[in-house]
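Breakdown of the fold
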Amino acid sequence: MPSLSTILAYAGFAGALVSWIAGAAICARALMAQGGNRGMVLLAPFAWPLIGRAKRASEAAAAQLNKALVAFIACMLLGTAAFAASANLSRFAK
């Protein structure tokens, strides 16, 4: 049982990483389409949840950004819960 929880934890954290990268790419693409500040495009990989909302992205881009943000939060919750379960199950197994 601890190994299943460990696999779920790795899958959750991998999904969070992928959704973070997808959100950064979507945000950078939306910022480049609007034109303007190149500095914001360079900050997109680090702060895309904040930049996408501040720059008033188009409706389609905002929907994609929101989906990426929800996916990131869900994957982090799954990974954290599975890690906690794995840690507790491995402690009880000893």
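Before reading on, note that the structure itself is shown above.
An account of the accompanying structure is given in this report. (Residues numbered from 1 in each chain as written. Predicted model: local features only at pLDDT ≥ 70, side-chain atom pairs only at ≥ 80, totals over all residues. Heavy atoms only, no water.)

**Concerning the overall build of the protein chain**
Scanning the protein chain from N- to C-terminus turns up three helices and zero strands. What you see in the protein chain, going N to C, is helices and strands ordered as α-α-α. Taking all 94 residues of the protein chain together, 29% fall into the buried category. Taking as baseline every contact in the protein chain between residues at least 6 positions apart, the subset at least 24 positions apart corresponds to 67%. As displayed, the protein chain has an accessible area near 6,200 Å², and 72% of this comes from carbon and sulfur atoms. (Helix = DSSP H or I, 4+ residues; strand = E, 2+ residues; numbered from the N terminus. Buried < 20%, exposed > 50% of the residue type's maximum accessible area, 1.4 Å probe, protein only. Contact = heavy atoms within 4.5 Å. Areas by Shrake-Rupley, 256 points an atom, 1.4 Å probe, with all protein chains shown as cover.)

**Overview of a nonpolar patch on the surface**
A cluster of nonpolar residues, Phe-13, Met-76 and Phe-83, forms a patch on the protein surface that exposes about 280 Å² of accessible area. On the basis of relative accessibility, which here comes to 34%, the residue Phe-13 falls in the partly exposed class. (Patch = residues over 30% accessible without salt bridge, like charges linked within 9 Å, V, L, I, M, F, W, Y side chains within 5 Å. Salt bridge = Lys/Arg side-chain N within 4 Å of Asp/Glu carboxyl O.)

**Thoughts on the packing of aromatic side chains**
Counted according to the given criterion, the structure contains two aromatic pairs. Feature note: the residues Trp-20, Trp-48 and Phe-72 constitute an aromatic cluster, connected by ring pairs. (Phe/Tyr/Trp six-rings, centres within 6.5 Å; stacked < 30°, edge-to-face > 60°.)

**Side note on the nonpolar core**
Of all hydrophobic cores here, the largest spans 12 residues; its members are Ala-24, Ile-26, Cys-27, Ala-28, Leu-31, Val-41, Ala-44, Trp-48, Ile-51, Leu-65, Ala-68 and Leu-69. Mapped by element, the contributors of at least two residues to this core are helix H1 (2-34), helix H2 (38-54) and helix H3 (59-93). It is H1 that contributes the most residues to this core, five residues altogether. Once you skip the residues sitting within four places of it in the chain, Val-41 turns out to touch Ala-28, Leu-31 and Met-32. (Core = buried A, V, L, I, M, F, W, Y, C linked by side-chain atoms within 4.5 Å.)

**A few points about the environment of Ala-81**
Structurally, the position occupied by Ala-81 is in helix H3. For the pair Ala-81 and Leu-8, spaced 73 residues apart in sequence, the C-alpha to C-alpha distance is 9.1 Å.

Honestly, that's just the spatial picture; any functional story needs more than this.
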